[in-house]
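Commentary on secondary and tertiary structure
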Amino acid sequence: NLKVTIPNGKVFFNKTAAETFCQVIEYAGLQQVRSIGMSFCGVPIVSTSQDAKYKRAQRKSGNFFIMHHSSTRDKAKQLKQISDALNIDLKIEIV
């Protein structure tokens, strides 16, 4: 599973790594994460459309879809990239 602590001390830790991943991306800002241009399995991590193949692995959030079809380790790596790119200083732990 994933545990992510943001700079103000708030902790994101849920039943699944996918849920934590999506919440942290929402915290970081969907448009900001989308602007980084990250993708997984050829699908943007944050997109405005649902992918035909991976739609079951995308969570709708407002006008966006968050792609969470990756291992916990890959999710941690992706969150680290987002943290670095957006200068958020997330503490990411695999638990």
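All of these numbers come straight from a predicted model, not from anything done at the bench. (Residues numbered from 1 in each chain as written. Predicted model: local features only at pLDDT ≥ 70, side-chain atom pairs only at ≥ 80, totals over all residues. Heavy atoms only, no water.)

1. Considerations on the sheet that holds strand S1 (residues 2-5)
Using the following cut-off: Two strands pair if DSSP finds at least two bridges between them. Strands here are runs of E lasting at least two residues and helices are runs of H or I lasting at least four, both read from the DSSP assignment and numbered beginning at the N terminus. Note on geometry: axes are lines fitted to C-alpha atoms, helical ones only across the stretch in contact, with angles between N-to-C directions running from 0 to 180 degrees. Any pair of residues with heavy atoms lying within 4.5 Å of one another is described as a contacting pair.
Pairing in this open sheet of three strands is antiparallel, and the strands run S2-S1-S8 from one edge to the other. A single partner strand is all that each edge strand has here, and the edge strands are strand S2 (11-13) and strand S8 (91-94). Adjacent strand axes in the sheet meet at a mean angle of 15° when their direction is disregarded. Its contacts with the sheet put helix H1 (residues 17-28) on S1 and S2, and the angle it makes with S2 is roughly 145°. Against the sheet, helix H3 (residues 72-86) engages S1 and S8, with an angle of about 175° to S8.

2. Some thoughts on the side chain of glutamine 58
We apply this condition: Two N or O atoms form a polar contact when they lie within 3.5 Å of each other; inside protein one atom must be a possible hydrogen donor and the other a possible acceptor, and for residues adjacent in sequence the pair counts only when both atoms belong to side chains.
Here glutamine 58 is to be found in strand S6 (residues 58-61). Reaching out from glutamine 58, the side chain makes a polar contact with the backbone nitrogen of aspartate 51 at a distance of 2.7 Å. Setting aside chain neighbours within four positions, we find glutamine 58 in contact with Val43, Ser47, Ser49, Gln50, Asp51, Phe65, Ile66, Met67 and His68.

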